[in-house]
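# Structure at a glance
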Amino acid sequence: MAGAPFRLTTCPARRERPFMQPHALNRPAGRALPGAFGHNRGIVRRNYAFLPPEGVLKSRLPQYENTAVRFLAAPALGARFAQFVLEIEPGGGSRAPFAEAAIQHFYYVLSGTAVLQLGDLPPQELGRGGFLYAPPGTPVLLRNEGKTQARILGLRKRYEAIGLSAPGPILSHENQVPRTNHTGFAGRGFQHLLPFGDLAFDFEMNLMWFAPGTFFPAVETHIMEHGLYMLHGQGLYLLGTEWHEIWEDDFIWMGAYCPQQFYPTGPDEAAYLLYKDVNRDVAL
Ligand code: UGY
Ligand code: MN
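Residues numbered from 1 in each chain as written. Chains lettered and ligands numbered in written order. Predicted model: local features only at pLDDT ≥ 70, side-chain atom pairs only at ≥ 80, totals over all residues. Heavy atoms only, no water.

## Topic: the nonpolar core
F106, Y108, L193, M205 and L273 are the most contacted members of the largest nonpolar core, which has 32 residues in total. Of all elements in the fold, only β2 (48-51), β5 (103-111), β8 (130-134), β10 (150-158), β13 (203-210), β14 (226-232), β17 (251-254) and β19 (270-277) reach the threshold of two or more residues within this core. Of the domains in this structure, domain 1 (51-160) and domain 2 (177-279) are the two that each give at least three residues to this core. Not counting residues up to four positions away in its chain, the partners in contact with M205 are Q83, F106, L155, Q191, H192, L193, L194, L273, L274 and Y275. Counting 19 residues, the second largest nonpolar core, distinct from the first, contains I43, F210, I252 and Y272. (Core = buried A, V, L, I, M, F, W, Y, C linked by side-chain atoms within 4.5 Å. Buried < 20%, exposed > 50% of the residue type's maximum accessible area, 1.4 Å probe, protein only. Helix = DSSP H or I, 4+ residues; strand = E, 2+ residues; numbered from the N terminus. Domains from an automatic or database assignment. Contact = heavy atoms within 4.5 Å.)

## Side note on unusual backbone geometry
Of note, D249 is a non-glycine position whose phi angle comes to about 80 degrees, a positive value. Here D249 shows up in the loop between β16 (242-247) and β17. Of the residues examined, D249 reaches a relative accessible area of 10% and is grouped as buried. Positive phi, normally seen in glycine, also occurs at N279, with a value near 70 degrees.

## Considerations on the sheet that holds strand β15 (residues 234-239)
Spatially, three strands are ordered β16-β15-β18 in an open sheet, and the strand pairing comes out antiparallel. Edge positions in the sheet fall to β16 and β18 (260-264), since each of these pairs with one other strand and no more. The sheet shows a mean angle of 25 degrees between the axes of neighbouring strands, taken without regard to direction. When β15 meets β16, the two strands line up antiparallel, connected through six bridges. Paired with Q234 across the strands is W247, a residue of β16. (Pairing = 2+ DSSP bridges. Axes fitted to C-alpha atoms, helices over the stretch in contact; angles between N-to-C directions.)

## Quick word on the side chain of D250
Mapped onto the secondary structure, D250 falls in the loop between β16 and β17. What makes D250 buried here is its relative accessible area of 0%. Within polar-contact distance, the side chain of D250 engages the side chain of R41 at 2.9 Å. Apart from the residues within four sequence positions on either side, D250 is in contact with R41, F50, L51, P52, P53, L228, Y229, M230 and E245. (Polar contact = N/O pair within 3.5 Å; in protein donor to acceptor, adjacent residues only side chain to side chain.)

## Quick look at the site of ligand 1
Around ligand 1 sit M208, F216, E220, H222, H226, Y237, Q260, Y272, L274 and K276, and those are all the residues in its vicinity. For ligand 1, an oxygen atom lies 3.1 Å from a polar atom in the side chain of H226. In this structure, Y237 approaches ligand 1 through a side-chain N or O atom, which is 2.8 Å from a nitrogen atom. Of all the elements, β19 adds the most residues to the shell around ligand 1, at three residues. A class-by-class count of the residues in the shell around ligand 1 yields five nonpolar, three polar and two charged. (Near = heavy atom within 4 Å. Nonpolar A, V, L, I, M, F, W, Y, C, P; charged D, E, K, R; others polar.)

## Structural notes on the packing of aromatic side chains
Under the defined criterion, the tally for this structure stands at 14 aromatic pairs. Linked through ring pairs, F81, Y133, F201, F203 and Y275 together constitute an aromatic cluster. Of note, R41 hangs over the ring of W247, and the distance from its end group to the ring centre comes to 3.8 Å. It is R179 that lies over the ring of W209; its NZ or CZ is 4.2 Å from the centre. (Phe/Tyr/Trp six-rings, centres within 6.5 Å; stacked < 30°, edge-to-face > 60°. Lys NZ or Arg CZ within 6 Å of the ring centre and 35° of its normal.)

In structure tokens:
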């Protein structure tokens, strides 16, 4: 038969799920798709940013080997914390246990498996949904002893002490954390990965679940900042006055007082992992 064989193109933004669009048919390997030039779902505003993964480029860090880092939120953007994805190749990861005085760390396994070692706790090899919280000054070691790349979402935040003892270390998995719903709205679900309401913590990391057709009861505009990593499903996100289509692996930074609302549009539940700074007074 004449002509090139029918071929599916894999979109790098959905690495694990090949999908096809009409303009992606029969593209020669190594050529960019039409629409790649100048079209961008990403946006950076004064107090929010929407970052699809295809535009977030790699760097490397001295404390890791065979590992790339993709920075998402950072003070350069306006955020008061740092958030990033580590891509750890088999045999790679931390060169040695790494700790920073006064800085807390949080890590969440997005894909593959990783050996997570935290302070004096016994190390655990965890897949998607495994997570750790390291109090300030607590050493963390992340290693990939598997056969495929491990992707880990990381967060660093300066600890705001208030005279209580600092929180203890946590090494766990999201399936150990109950799903709750305090809102009274059907279809909402919350998994608080850090102990909810414990004032020793100065931030929350919450898995936010939405059944199809569920939405926030109102647009929120609050002082807390967010780092949002989309994990499941898809939807529309209101930031300021603009709606953005969002799906798996997209990232949003919302600064203080960014008007926000989510409306899931897919046929399945949608969920994202949400950083939120809480439990501290306003510094004047
Ligand atoms: O808890 C929150 O601030 C949450 N409802 N915000 C969000 O999902 N954008
Ligand atoms: Mn919010």
